[in-house]
Amino acid sequence: MLRLVRQRLAMLVLVLFGVSFITFLMSHVLPGDPAAALAGPHPSKEVLQAIRDQFGLDKPLPVQYLNYLNDLIHGNLGTSIRSQEPVLTELMRYFPTTLELITFAFIFAILLGIPLGVISAVKKNSFTDYVVRLFAVGGVSIPLFWGGLVMILVFYAKLGWFPASGRLDIELTTPETVTGFYTVDTLISGDTEAFFNSVKHLVMPAVALGYVQLAFIVRQVRSSMLDALSQDYYLTGRANGLSKRFLIIRYGLRNALIPSITIIGLSFGSLLGGAVVTETIFDWPGMGKYVTESILGRDFPAIMGFTVIIALAYVIINLLVDLLVYSLDPQTRK
Amino acid sequence: MNLLLRSIRSLIKNRFAASAVIVLAIVFLVGVFAPLLATYSPADTAPKDRLLAPGSLHYFGTDELGRDIFSRILYGTRVSVGIALVAILLSALVGTFIGSFSGFIGRWIDQVIMRITDVLLAFPTLVLALALSAALGASIVNAALAIAVVKLPIYMRLARTQALSISQSLYVKSAKTFGVSSGWVVRKHVVPNLLTPIVVQITLDIGDAILLIATLGFLGLGAQPPTAEWGAMISTGWNYLIDQWWYPTFTGAAIFITVMAFNIVGDGVRDLLDPKSGE
Amino acid sequence: MSSLIVDIQDLSLSFQTDGSEVSILKNVKLQIATGEIVGLVGESGSGKSVTALAISKLLPEEITRFTGGSINFDGTDILKSDEASVAELRGKRIGFVFQEPMTALNPTMTIGNQLFHVIRRHSTLSKDEARARVRKSLEEVLIFKPEIVENQYPFQLSGGMRQRVVIAMAMSANPALLIADEPTTALDVTVQAEILSLIERLAKDHGTAVLLISHDLGVIAKTCSRVTVLYAGEVVESGNVADVLKNPRHPYTQALIRSLPDIAARDRSLETITGEFPDLRNRPDGCIYAPRCPKKFEKCSQSPLLLGINQLHAVACWAEHSVGGGA
C-alpha cells in the first residue's frame, strides 16, 4: 500500500509539472500578446509596458516559465483584473461552495445511478431496462445548461417548488462559516429553517449537474453488473440456493463495483467541469460562476488561476479514488 | 408468448437505432439544405417583430432582434454539427497518427508521448476546452481547435494500444518474416485493425463535441454574435426564459435531439463493430 | 432398485437464439437411486451439463424451452414447479460442483463467509453455531487449517483447495443429490484422484446420491455403479458400469472405448470417430448416430428406442434389437 502511495505521489508531481507547463503555454504563449490578455479591455501603451516589466514578459520563455513555476509553488496565481485581489484568495473563498454543490450532485447520482444500473442489468432486455437505458442516454445527450433552464421553467416558474438561484433565501441569515457547506454550517449554528432552505436551494442545481454523472454511472454499473452476473461464481451462488437479493448484492454488485468505482470516482472530478455551467444557470456563487464572470469580464488571470486549481483538485481527487479502489479489492489489499 | 415478447423487444431495439438514424439523416439534410428550408434569413433583424410567440409565420417565434428562431436553428445545424465533425475528425487524424507512431516506435518517445496524454487527461474536459479557447481568443474556429486538443489523448491512447498489439501480433511478424513489404502490412492489417476502434470512438465522440461546442458558445467562448450557433443562441435566449420560454427551449431541444441521435447511433456502431464491449 | 431420487423421463429441450432453435436434448431418460453414484458420459456438446443444470432449473430462462418430458426430483415435478420452490431445493437438497474451481468462488468474499452464508441459508443455526459448522465443513473436505483458510480469499488458494471448498459448500446442507460436473477436469492429475475419492467418501458418509459428469471413462469406471452415455443430446446406452464398459453394445460407446489411449495402446493405433457431429438446428430424423455409424442399415432411418437388452443394460440401436437383442 505504502509503495503504491509513494509511486502515485511521484506520478502526481510529474503530472502537476506537466499541468503547469500547459497552463504556462496557455497563459504566456497562446495569446497573441500575453500582456494584452493580462491587462483587460482597452489598455494604454504605458499600461502594457508596465505589465510586461512587472511579469517579465520581455524575458526569454524558459526564464518566464521558471518564474511562473516559482509563483505557482508560492501560491501566487496572479491578480484578478476585475477585483484586483489575488486570484487564489478569491478561488479559495468560492471553493467550498462549489464542493458542496458537486458533493450533493455526486450523492444524488450515486444513490439513483447504482440501483438503476443494477435493476437494468438484472432485468436485462425488459421494458424497465429499455426505459432506464433511454434515460441514461438522455443524461449524456442533454446540454447541461439547457436541462437546467428547463428545470427552472418547470419547477420554479410554473410549479414554484424550488428556488432557482442562490444558496439561501435573502431574508435568512447566512450561517457562520465553519466548513463552507451551508447545509453543515446551518446545522452547526442550530438554524433548522436555514438548513432546510439551503437544501431546497441545492436540489435543482445538484439534480441538473448530477444527471450527467447519473447517466455515466447507470451505463457503467449496468455493463459491469452484466459481466458479474454471467460469471461462474454467480452460478455457484445460485446453485447453492442463496437468496436472489443476497446474490445480486454480494455476488453481483460487490464484484461489479470494483471496475465501476474507478470510473464513478473519476466522474466525481469531472463534475468540476459541469459546475461551471450549472453555477452560471442557477446563480450558485462558486468557482464556476466566478470563471464565467471572468470570461465575460475578460479577466484572463482569473481564468488561468481557476484552470490550475481545478486541475490540481481533479488530480488529487483521482489519486484518492485510486487509493480507495486499491483498498477495496481483496486481491490487491493483501 | 415468449416468442412474441422477444420479437416486440427486438423491434423496439431496432426502432431505437432506426429512428436515431432517421433523425441523423434529417439533421444532415437540414444542414445541407438550410437555405432552401429556412423561412427567413437567419441574420435579418425586424425590430417590430421582436420576441413573437410561435405561430404560423414564425414556427418557433422570434428572438430579441426579431430574427426567426426556426430559421436560425436550421442554419445553426451547419455551425454546430459541422464544427463538431471537423473538430473530431481533426482530433482523430492527429491523435491516431501520433498514437500509432508512439506505439510502433516505442522506447522513450513512447514514454514522453504517453506522459503528455496523462497531463492532458489531468484536466476535466470542459475546463481544458474553456481555458484553451479563452487563451486563443473567443471564436468558433478556436473553440473547434480547443475541442480537438481536448479529445486528442483518447485517440492517441487508443491508436497506441492498437499499434502495440498489432506490431506484436503474429500476422504482422509472420508477414515480416516472409519479406512482405511494410506498406502491404500496413494496408492489409494495420489500417483495418486500427480503424475499427477509431471509427467507434469517433461516432461516440461527435455527440459530445456538439455539446462542448454549444457549451463554449453558451459561455461566450465559441461562436460570436450574430452567428446562428445553438449554444450562443441559448446564451442570449435564457434571459428571456420566464416570459418567452420558446426562445431557449426550441434551440435546446434541437441540441438534445441531435446529440441523442448521435449517441444512440454511436452505441449501435460500437455494438456492431466491437461486440466485445457490447452487452 | 431402491427408491429413486431423480427420475428424468423423455426430457427434450431446445435453446432459442436470434430466432433459430437448437435442439439440445431429445427424450433423455436418466434415473438415480438414493445414495447411488451414476456417471453421465459424452463428448463436449452432448448435453451432459445441460441435463445437470436442468435438474435444478439453472438454465438461462430467456433462451431455454422445455419441449417435452419430465424431471422428478424426490417427488417434486421440477418442470411444473415455480422458481421459488425449485430455489428451495438448490443447495439444500441438490448440491452442485462445477468444472472450473478457479472461477467458481466469489472473488470478493472470504472462504469462511461464503460457506457461512450457504450454511445459514439452509439451517436454523445461530451465527456462532454456523461459524463452528464452517470449520467442520472445511475439515471434512480435508482442509487441515480451517482457521486460516476461512479468512482467505479464493485467489489465495490453489485449484485443488478451491474445489474442496466448492465441495464443502455443496455438501454443507447434507443434500440428497450431488451433481458434479467434470469436477476434476481442470485439476492436476495428482489432485484429481484425491478429489474423486473425497466425493466418493462424502457421498457414502452422508448417503448422498451423485451424478458424476465426465468425458473420461476412466473416472467413471473407478467411481460409478451405473453409467449413461449421451450422444448429441440423446441417450444411446445406459447400464451397469461393468456391463457397459466391458460389453458396450452401441457402436458409439464402442468407438468411445476404443478411442481411450490406454486400451488402444495395447494392440492397435488410436481410433478416432469419423464423420461429423450432427447439426442440431435441424436434428435429423432417425438414429442420431447413423451418419457416423459403421453398422447402419435401412432401419436406422427411424429413431431407435432405448430398450433393455437385460435388466441392467439398455441400448438405443436397431442393430442390437433386431439382430441379437432382447436376450
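Every value quoted in this text rests on a predicted model; they were computed, and no experiment measured them. (Residues numbered from 1 in each chain as written. Chains lettered and ligands numbered in written order. Predicted model: local features only at pLDDT ≥ 70, side-chain atom pairs only at ≥ 80, totals over all residues. Heavy atoms only, no water.)

Q: Would you mind showing me how to read the overall build of chain B here?
A: Helices and strands together make up the secondary structure of chain B, namely ten helices and zero strands. For chain B, the N- to C-terminal ordering of α and β elements is α-α-α-α-α-α-α-α-α-α. Here chain B holds 279 residues, and the buried ones make up 49% of them. In chain B, the proportion of contacts linking residues at least 24 apart, taken out of those at least 6 apart, comes to 70%. When the accessible area of chain B is evaluated, it comes to approximately 12,900 Å², of which 70% is carbon and sulfur surface. (Helix = DSSP H or I, 4+ residues; strand = E, 2+ residues; numbered from the N terminus. Buried < 20%, exposed > 50% of the residue type's maximum accessible area, 1.4 Å probe, protein only. Contact = heavy atoms within 4.5 Å. Areas by Shrake-Rupley, 256 points an atom, 1.4 Å probe, with all protein chains shown as cover.)

Q: Any chance you could explain the overall build of chain C here in plain terms?
A: Tallying secondary structure elements over chain C gives twelve helices and twelve strands in all. The C-alpha radius of gyration computed for chain C amounts to 21 Å, which stays within 12% of the reference 20 Å derived for 327 residues, consistent with globular compactness. Taken over the C-alpha atoms alone, chain C extends approximately 70 × 50 × 40 Å along its principal axes. Of all 327 residues assigned to chain C, the portion counted as buried reaches 54%. In chain C, the proportion of contacts linking residues at least 24 apart, taken out of those at least 6 apart, comes to 63%. When the accessible surface of chain C is split by element, carbon and sulfur atoms take 50% of a total near 14,400 Å². Where the 34 positive side-chain charges of chain C centre and where its 38 negative ones centre are 2 Å apart. (Rg over C-alpha atoms; globule rule 2.2 N^0.38 Å. Lys, Arg positive; Asp, Glu negative; His and termini not counted. Charge placed at Lys NZ, Arg CZ, Asp CG, Glu CD.)

Q: Before we go on, may I ask you to explain the nonpolar core in this structure?
A: Inside soluble globular proteins, nonpolar side chains tend to come together where they are buried. One finds Leu-177 and Leu-211 of chain C to be the most contacted residues of the largest nonpolar core, which totals 257 residues. Viewed by domain, this core spans two of them, domain 1 (32–76) and domain 2 (92–333) of chain A, each represented by three or more residues. Not counting the four nearest positions on each side in its chain, Leu-211 of chain C is found in contact with Leu-30, Ile-32, Val-38, Leu-40, Ile-55, Leu-177, Leu-178, Ile-179 and Ala-180 of chain C. Within the second largest apolar cluster, seven residues are counted, among which are Ala-34, Ala-38, Leu-74 and Tyr-75 of chain B. (Core = buried A, V, L, I, M, F, W, Y, C linked by side-chain atoms within 4.5 Å. Domains from an automatic or database assignment.)

Q: Which parts of the structure should I look at to understand the sheet that holds strand E11 (residues 307–310) of chain C?
A: One key point about sheets: their strands pair by backbone hydrogen bonds, in either a parallel or an antiparallel sense. Residue and element names in this part refer to chain C. Spatial ordering of the open sheet is given by E6-E7-E8-E3-E9-E10-E12-E11, a layout of eight strands whose pairing is mixed. Two strands close off the open sheet at either side, each with one partner strand: strand E6 (94–97) and E11. In this sheet, neighbouring strand axes are inclined to one another by 20° on average, regardless of whether the strands run parallel or antiparallel. Across five bridges, strand E7 (residues 177–181) lies against strand E8 (residues 209–214) in parallel orientation. Opposite Leu-177, over in E8, you have Ala-209 as the bridge partner. Its contacts with the sheet put helix H6 (residues 159–171) on E6 and E7, and the angle it makes with E6 is roughly 170°. (Pairing = 2+ DSSP bridges. Axes fitted to C-alpha atoms, helices over the stretch in contact; angles between N-to-C directions.)

Q: Help me out: how do you make sense of the layout of surface pockets in this one?
A: Rolled over the atoms, a probe with the dimensions of a water molecule shows which regions are left empty. Counted as a void, the second largest pocket has a volume near 520 Å³. Around the second largest pocket, the lining comprises 28 residues; the ones closest to its centre are Leu-296 of chain A together with Phe-218, Leu-219, Gly-220 and Ser-235 of chain B. Of all the elements in the fold, those that place two or more residues in the lining of the second largest pocket are helix H12 (287–296) of chain A together with helix H8 (182–218) and helix H9 (230–237) of chain B. Broken down by element, the residue count for the lining of the second largest pocket peaks at five residues, all from H12 of chain A. A class-by-class count of the residues in the lining of the second largest pocket yields eleven nonpolar, nine polar and eight charged. (1 Å grid on protein atoms, 1.4 Å probe; cavity = no way out; pocket = protein on both sides within 12 Å on 5 of 7 lines; lining within 4 Å. Points joined across faces, edges and corners; volume = space filled by probe spheres on them. Nonpolar A, V, L, I, M, F, W, Y, C, P; charged D, E, K, R; others polar.)

Q: Sorry if this is basic, but what is going on with the packing of helix H11 (residues 244–281) of chain A against helix H5 (residues 125–136) of chain B here?
A: For any two helices packed against each other, the geometry comes down to the angle between their axes and how far apart the axes lie. It is at 6 Å that the axes of H11 of chain A and H5 of chain B come closest, and there the two elements cross at 60°. Between H11 of chain A and H5 of chain B, the crossing angle belongs to the class labelled oblique. For the pair formed by H11 of chain A and H5 of chain B, the contact residues are Leu-272, Gly-273, Gly-274, Val-276 and Val-277 of chain A on the first element and Leu-126, Val-127 and Leu-130 of chain B on the second. Across the contact of H11 of chain A with H5 of chain B, the residue classes break down as six nonpolar, two polar and no charged. (Parallel < 35°, antiparallel > 145°, perpendicular 65-115°, else oblique.)

Q: I keep staring at the interface of chain B and chain A and nothing clicks. Help me out?
A: The extent of an interface is frequently quoted as the accessible surface area lost upon association of the parts. Between chain B and chain A, the residue contacts involve 44 residues of the former and 52 residues of the latter. Together chain B and chain A conceal approximately 4,200 Å² of surface at their shared face, both sides included; 81% is due to carbon and sulfur atoms. Taken together, the connections running from chain B to chain A amount to one salt bridge. The salt bridge partner of Arg-219 of chain A is Asp-267 of chain B, with a shortest N-O separation of 2.5 Å. Between the two partners, chain B and chain A, sit five residue pairs in polar contact (both at pLDDT 80 or more). At the level of secondary structure, the elements contributing two or more residues to the side of chain B that touches chain A comprise helix H1 (2–32), helix H4 (107–120), H5, H8, H9 and helix H10 (246–273) of chain B. By residue number, the principal contributor to the side of chain B that touches chain A is H10 of chain B, which donates eleven residues. Taken together, the residues of the side of chain B that touches chain A sort by class into 33 nonpolar, five polar and six charged. (Buried area = accessible area lost by both parts, 1.4 Å probe. Salt bridge = Lys/Arg side-chain N within 4 Å of Asp/Glu carboxyl O. Polar contact = N/O pair within 3.5 Å; in protein donor to acceptor, adjacent residues only side chain to side chain.)

Q: When you look at a nonpolar patch on the surface in this model, what are you seeing that I'm missing?
A: Residue and element names in this part refer to chain B. A surface patch of nonpolar side chains, amounting to about 500 Å² of accessible area, comprises Leu-29, Val-32, Phe-33, Leu-36 and Leu-37. Contributions of two or more residues to the nonpolar patch are made by H1 and helix H2 (34–37). Relative to the helices and strands, Val-32 resides in helix H1. Of the residues examined, Val-32 reaches a relative accessible area of 51% and is grouped as exposed. (Patch = residues over 30% accessible without salt bridge, like charges linked within 9 Å, V, L, I, M, F, W, Y side chains within 5 Å.)

Q: Help me out: how do you make sense of empty space enclosed by the protein in this one?
A: All names here are of chain C. Evaluated as defined, the whole model comprises one cavity of 30 Å³ or more. Each pocket or cavity is described by its volume, and for the largest cavity that value is around 70 Å³. What lines the largest cavity is a set of 13 residues, and nearest its centre among them are Pro-251, Cys-287, Cys-293, Cys-300 and Cys-317.

Q: Could you clarify how one ought to interpret the interface of chain C and chain A in this entry?
A: Contacts between chain C and chain A engage 28 residues on the former and 20 residues on the latter. Each partner contributes to the roughly 2,200 Å² buried at the junction of chain C and chain A, and carbon and sulfur atoms together form 56% of this total. Our enumeration of links across chain C and chain A arrives at zero salt bridges. At the junction of chain C and chain A, the tally comes to nine residue pairs in polar contact (both at pLDDT 80 or more). Within the residue set of the side of chain C that touches chain A, elements represented by two or more residues are E6, helix H3 (111–121) and H6 of chain C. It is H3 of chain C that contributes the most residues to the side of chain C that touches chain A, four residues altogether. Of the residues in the side of chain C that touches chain A, the class split is 15 nonpolar, nine polar and four charged.

Q: Would you take a moment to explain the packing of aromatic side chains for this structure?
A: All names here are of chain A. Per the counting criterion, the structure on display carries 24 aromatic pairs over all chains. Aromatic pair Phe-246 and Tyr-251: ring centres 6.2 Å apart, planes at 55°, arrangement tilted. A relative accessible area of 18% means that Phe-246 is categorised as buried. Here a set of aromatic residues connected by ring pairs shows up, and it is made of Phe-17, Phe-21, Phe-24, Tyr-65 and Tyr-68. Lying across the ring of Tyr-94, Arg-93 places its NZ or CZ 6.0 Å from the centre. Over the ring of Tyr-182 we find Arg-167, and its NZ or CZ is 3.7 Å from the ring centre. (Phe/Tyr/Trp six-rings, centres within 6.5 Å; stacked < 30°, edge-to-face > 60°. Lys NZ or Arg CZ within 6 Å of the ring centre and 35° of its normal.)

Q: Got a minute to help me understand H11 of chain A in this structure?
A: Since there are 3.6 residues in each turn of an α-helix, residues three or four apart along the chain are aligned in direction. Residues and elements named next belong to chain A. The end-to-end C-alpha distance of H11, which contains 38 residues, comes to just 44 Å, noticeably less than the 56 Å that a straight helix rising 1.5 Å per residue would cover. Residue Ile-258 marks the point of greatest curvature in H11, where the axis turns by about 45°; the proline Pro-259 follows within four residues. In terms of residue burial, H11 counts as a mostly covered element, since 27 of its 38 residues are buried. Taken from the residues just after H11, Asp-283 is the one with a positive phi, measuring 50°. (Expected span 1.5 Å × (residues − 1). Bend = angle between axes of the 7 residues up to and from the residue.)

Q: Even after reading the chapter, I still don't get the sheet that holds strand E5 (residues 76–77) of chain C, so can you show me in this structure?
A: All names here are of chain C. Judged by pairing direction, the sheet is antiparallel, and its four strands sit side by side in the order E2-E1-E4-E5 without closing on themselves. At either end of the open sheet lies a strand with only one pairing partner, and these are strand E2 (20–33) and E5. Relative to E2, strand E1 (residues 4–17) is paired through ten bridges, and the arrangement is antiparallel. Each residue of the ladder has a partner; that of Ile-8, found in E2, is Leu-30. Along the sheet face, helix H1 (residues 48–55) touches E1, E2 and strand E4 (64–73) and points at about 115° away from the line of E1.

None of the figures reported here should be taken as evidence of function without further support.
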